[in-house]
Amino acid sequence: MRQPDNPQLAGLDLLRRFDDDPPGTWLAQPKFDGWRRVLHFAGTTEVPMIQTKHAEHATREFPPELLDALMRHFPTCILDGEWMGPRQKGSAHRYIIFDLLSLGDAYLGAVPFGKRRASLCSLCSALGVNGDPKARVQLAQTWPNPGPGPAGTSHSLMDLYAQQMQDPNSEG
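Every residue gets a number counted from 1 within its own chain, in the order that chain's sequence is written. Only residues with pLDDT of 70 or above have their local features reported here, since the model is predicted, and side-chain atom pairs are shown and tallied only from 80 upward, although totals for entire chains, interfaces and linings are computed over all residues. With hydrogens and water excluded, all non-hydrogen atoms of the structure serve as input to the side-chain values.

A.B. asks: Residues and numbers for the packing of aromatic side chains, please.
C.D. replies: Each pair of aromatic rings is reported with the distance of its centres and the angle of its planes. Stacked, tilted and edge-to-face are the three classes assigned to paired rings of Phe, Tyr and Trp, where Trp is represented by its six-membered ring and a pair needs centres within 6.5 Å; plane angles under 30 degrees give stacked, over 60 edge-to-face, the rest tilted. Throughout the structure, instances matching the rule amount to 4 aromatic pairs. A ring pair is formed by phenylalanine 41 and phenylalanine 74, whose centres lie 5.9 Å apart and whose planes are at 35°; its orientation type is tilted. Linking phenylalanine 41 in strand 3 (residues 35-41) with phenylalanine 74 in the loop between helix 2 (64-73) and strand 5 (77-84), this pair joins segments that are 33 residues apart in sequence. The rule is simple: take the accessible area with a 1.4 Å probe, protein chains only, and divide by the maximum for that residue type; under 20% is buried, over 50% is exposed, in between is partly exposed. Residue classification places phenylalanine 74 among the buried residues on the basis of a relative accessible area of 0%. Taken together, the ring pairs in this structure connect Trp35, Phe62, Trp83 and Tyr95 into an aromatic cluster. What counts as a helix is a DSSP run of H or I of at least four residues, what counts as a strand is a run of E of at least two, and both are numbered from the N terminus.

Rendered as structure tokens:
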């Protein structure tokens, strides 16, 4: 029996495995050039606790205007995503969500990633949050079983993270 795979950068060895595994086994997301932040919301009126991926407190460094945009949307939950600084003068900070670790009192870390992703998509849809690249709060795009792409296309293999749909959250 194969051990669960943690989210990982999609290099050549991993792309070869995509060809061997049945469709729906993997889900890939873009690797952003930002700061990984986990947001702990306790309702829409309290300032969430924000942590780095190493559980260091980072609430004070988070842009207040982005925090306001997030607080208007999300109920009691824990989101995992990427804080992106402005790309050019006049553009806004963004938070791109790629995982839902809890909702209400239910911890979802032991739930398979595919089910957590479905819950996150439902929550974001109900709240009007989607993949609009101009929005301050976005749902990360995903691709099932990503491969090298059709002949004649190109993309950077180091720009994807991939996770098996049945894996629980390994970072707890």
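Now that the structure has been shown, we can carry on.
A.B. asks: With reference to specific residues and values, describe the environment of aspartate 33.
C.D. replies: For aspartate 33, the location among the structural elements is in the loop between strand 2 (26-30) and strand 3. Contact criterion: two residues are considered in contact whenever any of their non-hydrogen atoms come within 4.5 Å of each other. Not counting the four nearest positions on each side in its chain, aspartate 33 is found in contact with Glu82, Met84 and Arg87.

A.B. asks: I'd like a description of the nonpolar core, backed by residues and values.
C.D. replies: As used in this record, nonpolar core signifies buried Ala, Val, Leu, Ile, Met, Phe, Trp, Tyr and Cys residues forming a set joined through side-chain atoms within 4.5 Å. With 24 residues, the main nonpolar core has Phe62, Leu70, Phe74, Leu79 and Tyr95 as its most contacted residues. Put simply, the parts of the chain that give this core at least two residues each are strand 3, helix 2, strand 5, strand 6 (94-103), helix 3 (113-127) and strand 8 (137-139). Top element by residues in this core is helix 2. It accounts for 5 residues. Apart from the residues within four sequence positions on either side, leucine 70 is in contact with Leu39, Phe41, Phe62, Tyr95 and Val137. Formed by 5 residues, the second largest nonpolar core is a distinct cluster that contains Met84, Ile96, Phe98 and Ala140.

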